[in-house]
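Structural characterization, general
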Protein chains: 4
Amino acid sequence: LIAKTDAAGGPQLHPEALAFTSSLELDRALLKEDLVGSMAHVVMLGRQRILEPKDARAVRDGLGQLWLSAQAGTWAPAGEEDVHMAVEAALDARLGAVAGLLHTARSRNDQVALDLRLFTRAQCADALKGLAQLVSRLLEMAQEHADTMLPSYTHRQRAQPISLAYWLCAYAAMFSRDMKAFDFALDGADALPLGVGAIAGTSLPIDRDVTRELLQFSRLTENGLDTVGDRDFALDFLYAAARCAVHVSRLCTDLIDFASSEFGFVRLSDAIACGSSMMPQKRNPDLFELLRGKSGPAVGDLMSLLVTLKGLPGGYNRDLQEDRRVVLSAGPALCANLRALLLGLGNVQFDKERCLAALEGGATQATDVAEALVGLGVPFREAYQAVGTLVAKAQKEGLPLSTVPLEMARAIHPGFTAQVWGTLDPRGSVGRKVNEGGTGPASIARQMETLRQSARLAQTRAEGVPSLEGLFKRLSEVGI
Amino acid sequence: LIAKTDAAGGPQLHPEALAFTSSLELDRALLKEDLVGSMAHVVMLGRQRILEPKDARAVRDGLGQLWLSAQAGTWAPAGEEDVHMAVEAALDARLGAVAGLLHTARSRNDQVALDLRLFTRAQCADALKGLAQLVSRLLEMAQEHADTMLPSYTHRQRAQPISLAYWLCAYAAMFSRDMKAFDFALDGADALPLGVGAIAGTSLPIDRDVTRELLQFSRLTENGLDTVGDRDFALDFLYAAARCAVHVSRLCTDLIDFASSEFGFVRLSDAIACGSSMMPQKRNPDLFELLRGKSGPAVGDLMSLLVTLKGLPGGYNRDLQEDRRVVLSAGPALCANLRALLLGLGNVQFDKERCLAALEGGATQATDVAEALVGLGVPFREAYQAVGTLVAKAQKEGLPLSTVPLEMARAIHPGFTAQVWGTLDPRGSVGRKVNEGGTGPASIARQMETLRQSARLAQTRAEGVPSLEGLFKRLSEVGI
Amino acid sequence: LIAKTDAAGGPQLHPEALAFTSSLELDRALLKEDLVGSMAHVVMLGRQRILEPKDARAVRDGLGQLWLSAQAGTWAPAGEEDVHMAVEAALDARLGAVAGLLHTARSRNDQVALDLRLFTRAQCADALKGLAQLVSRLLEMAQEHADTMLPSYTHRQRAQPISLAYWLCAYAAMFSRDMKAFDFALDGADALPLGVGAIAGTSLPIDRDVTRELLQFSRLTENGLDTVGDRDFALDFLYAAARCAVHVSRLCTDLIDFASSEFGFVRLSDAIACGSSMMPQKRNPDLFELLRGKSGPAVGDLMSLLVTLKGLPGGYNRDLQEDRRVVLSAGPALCANLRALLLGLGNVQFDKERCLAALEGGATQATDVAEALVGLGVPFREAYQAVGTLVAKAQKEGLPLSTVPLEMARAIHPGFTAQVWGTLDPRGSVGRKVNEGGTGPASIARQMETLRQSARLAQTRAEGVPSLEGLFKRLSEVGI
Amino acid sequence: LIAKTDAAGGPQLHPEALAFTSSLELDRALLKEDLVGSMAHVVMLGRQRILEPKDARAVRDGLGQLWLSAQAGTWAPAGEEDVHMAVEAALDARLGAVAGLLHTARSRNDQVALDLRLFTRAQCADALKGLAQLVSRLLEMAQEHADTMLPSYTHRQRAQPISLAYWLCAYAAMFSRDMKAFDFALDGADALPLGVGAIAGTSLPIDRDVTRELLQFSRLTENGLDTVGDRDFALDFLYAAARCAVHVSRLCTDLIDFASSEFGFVRLSDAIACGSSMMPQKRNPDLFELLRGKSGPAVGDLMSLLVTLKGLPGGYNRDLQEDRRVVLSAGPALCANLRALLLGLGNVQFDKERCLAALEGGATQATDVAEALVGLGVPFREAYQAVGTLVAKAQKEGLPLSTVPLEMARAIHPGFTAQVWGTLDPRGSVGRKVNEGGTGPASIARQMETLRQSARLAQTRAEGVPSLEGLFKRLSEVGI
């Protein structure tokens, strides 16, 4: 009952007003963060002698008991307007008056900022791990498909021959960039907000650096007025998640198309092919469709927080509570998506014959032929026109480029020699693009090495983020 | 078990794939819609003799039992990938093989479209009722505050004198426009999708018009391919909700500012004033801040669905399942917000003295004085300049305009007569704006009458939407 | 110079501040609207004897001269902070002091609202015309392709046989819904804002109804405080445009896929097929890709205005000026897109053979077979399973469903009779779906009739919107 | 004419299709980027002996001539579908056939990616410079206002005493975080895309590292398929710009409120105060309102590109051209906004007396009193309740907290000693919060030092970005 009378506005507060303003249903998900944050705070208060050490220990231990009770399922935060008050009320019920000491030199404004930063920090770590796994999986597939040839597409038209490894590395490169975005978000979240009170700091002799070290943050936030109204770290996370979701949507569009009867490049295993309630013949790529669709909420969540923040006065405003809805769901949703994508990738089989057949039917080698002419000294624009004429002629006669007789070519431009003609083999085409970023095997090997290293770095970075469990363990034992 | 084997992709489907693609957790909220829709479908099948009447009756009655069980809390949809399959499985457990007849001439594609349209239709009705109540409340307040004078603001600067009734009517006019937007959304939702099957219709001799009449839709959807991929009705609802949320945010900005010490126009009653965990003196307008903040998710939800729909191939794609997350939450959130706003408005007291004092301190009557000059034949631009000079002079000498001696004015322009000077009284200023849309009492009376009528119309429209309970009752008894 | 000294803040205003706050570059596009609105205003002032009739006539005629000068290219608004001031300054240069009368009983707040409403009203009319043309074109194509058979797709997998006419009607139905959205936006824009002054109305004896009738608006806005801060009509337009752009993106995804080598359903004519600077063989559907991409700005514009409006205090705030950027570009962009789509549709040829071939290779008739079993009294779920088993067996043996021997089918279920087997013909499948919204020819004919009527209605509605030229002509001659 | 025939799709391309697909109007803004990129490309081709050195020099010099002609205003790109083709056509007109060599080993897909990256890189530098200036200005003001006392606000209610320096540092801290976001965007843009051709690389013996070094990029993009379809660097920029715009909107809300008659903390100088066309007394903060409103387009632009990218197949699709509209305008808009904000900040005067008066009227020292009690050993919750009771009593009796007689306090709690009472002085309150991030002078000094350093770093980073002019100069002279 502490909460309802003291914090939320007195006993006269209308029950509907309390229900409407309460964030408990959502921020129950922040319980661990709240307990760990409070433990660190009270340890600091004790060390600074703002509280008697024995009182500080009692409160710390009481918080530890709540953690264990929650884990055992014998207690859950309830009956208060938010998780902070629910914890304090439970503490009061167990410890009596000494529980009242916990809120010394602290406001819910800096407390919730701490909980959200702890949460976001952990979500960044999870995202980095998920991306590292995803990139690793794509690289394994690339290893396996170094020789699977297929057309690349621009404008959804067959463009040039590539290996499947090249296609896989492209997506690995996208996801590797997402690692950097989450790394940036992690860096943003990695500052301790606690100690700035409601907005101005506190006159009590706290030491923020002690709390910082206990919770393993890299730095302190700089200014209290800014700190309590700042949700940039959450925006950064939501942005990274939205960008990543858009990348996933692109990969899924490719996979969904590849799985169609028309492309036929990919066959879904029974583990992921979904049926239809009305059409018994269907093998639908629902998993990839859902993943594509989930770019909607990811972008929507980012927009949601941007709108909430827009035009707010500086400092804390209760509008900020709407951060909860998006922040608490975006991280777990992202990780679930990455896991589902991993499952999906593990259950597609590429049909090497159909991939290759798509290359042979068309004119995807045209650029290679043109470049071979250029290699003989023909200006590119002239080469381009000669090949264009040839392709048009071949199409008119219904001939794939690979079957055009050399004489027909020579009649168009004298540069079409047997050597030039040799460029029509797709595997040769892929192999000849030896420059950085190209399709050649050595270039692919370099790409894979770089990507593998990015994945390793992301994994290492993620592992460096302290877990809540680890913090709890340490804070349970640390001296006061 | 029907569901897992037949619909979702065979027994080999990976449990994680099933879990990821399952929508059950969300669409459990569509249970009533699903049952009512299925009852209407099976009644139609029986009447068309596609099913034996006794079989149709058995299935219809079985669905009715599920409704009652769900209401009694003895059954809830579980263990299947979506609410449709959960219902069918429960039916199978109760009725045996005859349950299998339910899915005749239907696909989940048209079934889910039906459930969502029934849901959206009901949400539109709720929104209309909530808005009607809100507008009525604003009008009651306007009635009470016909004589409360305060400054209007442009650029957050005091502009001209108005009555509080005028301010309240402005917001009532906004919300009255929102009624039209929900009316538009309701019209969009009010078409029966059932009967178009997976995408192409069915060769069985169904009669969609029978189902339409049973479910009281105004019309049929026109084309099956369009129908199964169409979520425009949901977009329309989300748009109306977002626009309304932006209006709420504006009203709340005004109220939050008015409740500040600086304005002091409004005092929050104890029923809604929130405290601070650190600053005991605070009486915070949290309820209005949260309402302002909730414009974030409202806009985010609209963006979410727009992104999900963007670029999808025609027809049904599983991406559409992401509609559930936003559609199912946006309606209830909107209604909760309208209720909270109603509560909030019932718990603000306007301080008439401070409102009036804000008028007297400044120069808000300047336009009136200029217009009085114009009434004497002075060109507006000349009148404007004369008053501008006067106001500048008054400000320099620290005089509110109402205390400027007439001679000082006359020295600037001869048109400043005693009669012109009479326009300085705010109440007179407000009363003189007799045109449509102005602040004069007769104009306010007309505004209020128009708004009252809009509210009545919205209420009537909402009551015309059949409730699920009403549909259930009728479908339970209707002859087959 | 009137403008710079009087309106924008005195002669001391910093040139950079003036440049930054000036909207002239954008709202020059509102010149016609501004002139017409001012002409109506001054005619009303004259009729009400607020101005001497001869003065009113002089100003009205001066405005008319500006219109003609602008049309002749001899004058353009310049040198002032916005189009309103530029017009007044030009008028002053031509008429002298009498020009100063124009601003009597008016504020730029209601004036810009008028200009934007006139603009939006016209854009709605243009959008309706563009959509009517588009739907008509789709229906012409549908007429032509009543017998072109192709698979419909769900999950980008072949689903059931349809005619191309059915596919075209689906998109026509989408765009027909867009007409309703623009109709709604038009209704929102169709209210005269002029006469509410800066925020509170005016004490001069204007008659808003006279102005309303002169400008052919259906009604007056209700409340001045609401009116000057209201941009709902612009939001409604932007929403309709965004929804329409998403529809366009879906049609384009289909067309882009259909134009791929893999589908091969569509061939682009030389009039729209784009090449590659590097790959001579390409025939790229750039036009459709760009149209798909333009859903981005359309949604972005809606988002932009929602964010600008969020949390604004009631009444006019200068933030609203940011409406200009999106409102002025969204309408013309939409119309350009609709025209481009029309051009694109006129330059695609469907390859009937490849469309048909896609039907024959697979098992899209499976639902028909299942429904034929149901027609013989087999429960749907049993029929579904029998067909599923059959399809699986056929796929295993590499047989398209149409070539499966009847005995093989009978071995699975005795219901597979010769009559049931007759359902394998795609044309028969399409024809059998006779219900409303289905693929059958009579259903298609009804769909087309309904859509044709929608197009006619939209065209009529659009033609009912007065043109600026028409208003100008009438206002030039009307008696004062 | 090269362009129209070769690149865009042959001479039969419909003029409207060409007009619709042309990006020239927008990407004319990329002319310098395009020229510099082409110069580097041709230098590399010459050094690699893919072109004859003399030909390479001729083309390079021709490009240089175009730069000078454009600068002199004697030539501008025109008559072609995009800036790339316009440059090539102009080159052809001047040099003849040798111009055709320029496009060797290059596609417009990698070329436009280069232009956009060069553009974005420069915009990041400009943003960093603008932010550095802004932060420096805020710090200058903070220096000046170390002793200006005012209330901080939470929930728009007076909270605790702070100095204006503290408030200014809060915003400086926000903008300092924005520097990090632009730094991140700059890092993303800082990779050379050229050399990956249309999608797969090239078989010609180019050396991407030579081009990279010439254009001073830090690294090469990794994979061609990814490179040509990647706009993450643009998204990163748009995100940073949107986040920054939201920060600006918050600062402006504070300033607009502070400039109201009710707050009266700020007076606008004549250089930025705007007037009203109808109300002569107004001194409107239009500049700050517009800046707040411009958060709309900033967020809308981000949304726009996210939507365009969503669901695209991998590789290049023409949809990407829609990047131009937002990328080319967002950077300049951001910089204009930062300059306007700088101007605005230089033209506000804080009214120290009114700021201080706002502190004295209320109970903002309540937390200090409570903390003083805690300092004497009273548990925080007890102290909180005692102070709450006291504040309520004072308010009831109409007494500001500072005037409450000590006995009245002592009657509530014995801890209210004279020493505790001494905390009522706001300056003391501000000075006592000595912890990091608090309001105390030493803390402020540390904050300012940190922020000053951030500004210096941003400036340095920005200066490290090569200018287009610098690149042009170097490329004009470099040996081939």
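Remember, predicted model here, so these are calculated numbers, not experimental data.

What counts, and where the lines are drawn
Here, residues in each chain are numbered from 1, in the same order as that chain's written sequence. Going through the entries in the order they are written, you letter the chains from A and number the ligands from 1. The model is predicted, so local features are restricted to residues of pLDDT at least 70 and side-chain atom pairs to those at 80 or more, both for listing and for counting; the totals for chains, interfaces and linings are taken over all residues. Side-chain calculation: all heavy atoms of the structure are included, whereas hydrogens and water are not. Per the convention used, a helix needs a DSSP run of H or I reaching at least four residues, while a strand needs a run of E reaching at least two, with both numbered from the N terminus. It is over C-alpha atoms that the radius of gyration is taken, and the globule rule equals 2.2 Å times the number of residues to the power 0.38. Throughout, a residue-residue contact means that at least one pair of heavy atoms, one from each residue, lies within 4.5 Å. Residue exposure ignores everything except the shown protein chains as possible cover, and the areas themselves are Shrake-Rupley values with a 1.4 Å probe. For Phe, Tyr and Trp, rings pair up if their centres lie within 6.5 Å, where Trp contributes its six-membered ring, and each pair is then called stacked (planes under 30 degrees apart), edge-to-face (over 60) or tilted (otherwise). Each residue gets one of three labels from its accessible area relative to the maximum for its type: buried under 20%, exposed over 50%, partly exposed in between, using a 1.4 Å probe on protein chains only. Here an angle of 0 to 180 degrees is reported between the N-to-C directions of two axes, which are lines fitted to C-alpha atoms, with helices fitted over the stretch in contact. What sets the label is the angle itself: under 35 degrees gives roughly parallel, over 145 gives roughly antiparallel, 65 to 115 gives roughly perpendicular, and the rest give oblique. Here a crossing is called left-handed whenever its near helix is offset anticlockwise from the far helix by less than a right angle, and right-handed whenever the offset is clockwise. Amino acids are sorted into nonpolar (Ala, Val, Leu, Ile, Met, Phe, Trp, Tyr, Cys and Pro), charged (Asp, Glu, Lys and Arg) and polar (every other residue, Gly among them). Alignment of copies: least-squares fit on C-alpha atoms of residues with pLDDT of at least 70 in both copies. Whenever Lys or Arg places a side-chain nitrogen within 4 Å of a carboxyl oxygen from Asp or Glu, that contact is recorded as a salt bridge. When DSSP finds two or more bridges between a pair of strands, those strands are recorded as paired. pLDDT measures the predictor's confidence residue by residue and takes values from 0 up to 100.

With that out of the way, let us pick up the overall build of chain A. When helices and strands are tallied, chain A shows 22 helices and six strands. In terms of C-alpha radius of gyration, chain A reaches 30 Å, well past the compact-globule figure of 23 Å for 480 residues. Along the first, second and third principal axes, the C-alpha atoms of chain A reach 100 × 50 × 40 Å. Restricting to contacts in chain A with at least 6 residues of sequence separation, those with at least 24 account for 77%. In the structure as shown, chain A presents an accessible area of about 13900 Å², 53% of it carried by carbon and sulfur atoms.

What follows deals with the packing of aromatic side chains. In this description, an aromatic ring pair is defined by two values, namely the gap between the centres and the angle between the planes. All names here are of chain B. Applying the stated criterion across every chain, the model contains 48 aromatic pairs over all chains. Pairing Phe-258 with Phe-263 gives two aromatic rings, centres 5.8 Å apart and planes at 40 degrees, and the pair type is tilted. Take Phe-258: its relative accessible area is 2%, and that puts it in the buried class. Overall, the relative accessible area of 2% leaves Phe-263 in the buried class. Look at Phe-380 and Tyr-384: their rings are 6.0 Å apart centre to centre, the planes differ by 45 degrees, and that puts the pair in the tilted class. In this pair, Phe-380 and Tyr-384 both sit in helix α17 (residues 380-396), four residues apart, roughly one turn of the helix.

This brings us to the packing of helix α13 (residues 295-309) of chain A against helix α14 (residues 323-345) of chain A. All names here are of chain A. At their nearest, the axes of α13 and α14 sit 9 Å apart, and the two run at 150 degrees to each other. By the angle between their directions, the pair α13 and α14 is classed as roughly antiparallel. Handedness of the crossing formed by α13 with α14: left-handed. Contacts from Asp-301, Ser-304 and Leu-305 of α13 reach α14 at Asp-323, Val-326, Ser-329 and Ala-330. Of the residues that constitute the contact of α13 with α14, the class distribution is three nonpolar, two polar and two charged.

Take the relation of the copies chain A and chain D next. Rotating chain A by 180 degrees and moving it 0.0 Å along the rotation axis overlays it on chain D with an RMSD of 0.0 Å. Such a turn and shift between the copies fits a two-fold axis. Comparing interface residues between copies, 100% of those in chain A also sit at the interface in chain D, which points to an isologous, same-surface contact.

Take the pattern of salt bridges next. Scanning the entire structure with this criterion turns up 144 salt bridges over all chains. For Arg-292 of chain D, the salt bridge identified is with Asp-319 of chain C, shortest N-O distance 2.6 Å. Of the two residues, Arg-292 of chain D is situated in helix α12 (residues 286-293) and Asp-319 of chain C in the loop between α13 (295-309) and α14 (323-345); the pairing between them involves two chains. The salt bridge partner of Arg-108 of chain D is Asp-82 of chain D, with a shortest N-O separation of 2.9 Å.

It is worth spelling out the pairing of strand β1 (residues 149-154) of chain D at this point. Residue and element names in this part refer to chain D. Most of β1 is tucked away: six of the six residues are buried. Examined bridge by bridge, β1 and strand β2 (residues 157-163) share five bridges and lie antiparallel to one another. By the bridge assignment, Pro-151 is partnered in β2 with Pro-161. In textbook terms, the turn of a hairpin is the stretch between consecutive antiparallel strands, and for β1 and β2 this stretch comprises two residues, one of which, His-155, has a positive phi near 60 degrees.

Let us look at the confidence of the model for chain A. Residues and elements named next belong to chain A. Here chain A averages 94 in pLDDT, while 98% of its residues score no lower than 70. The low-confidence segment residues 1-8 (pLDDT under 50) makes 30 contacts with residues lying over four places distant or belonging to another chain. ipTM for the predicted complex: 0.96, alongside a pTM of 0.97.

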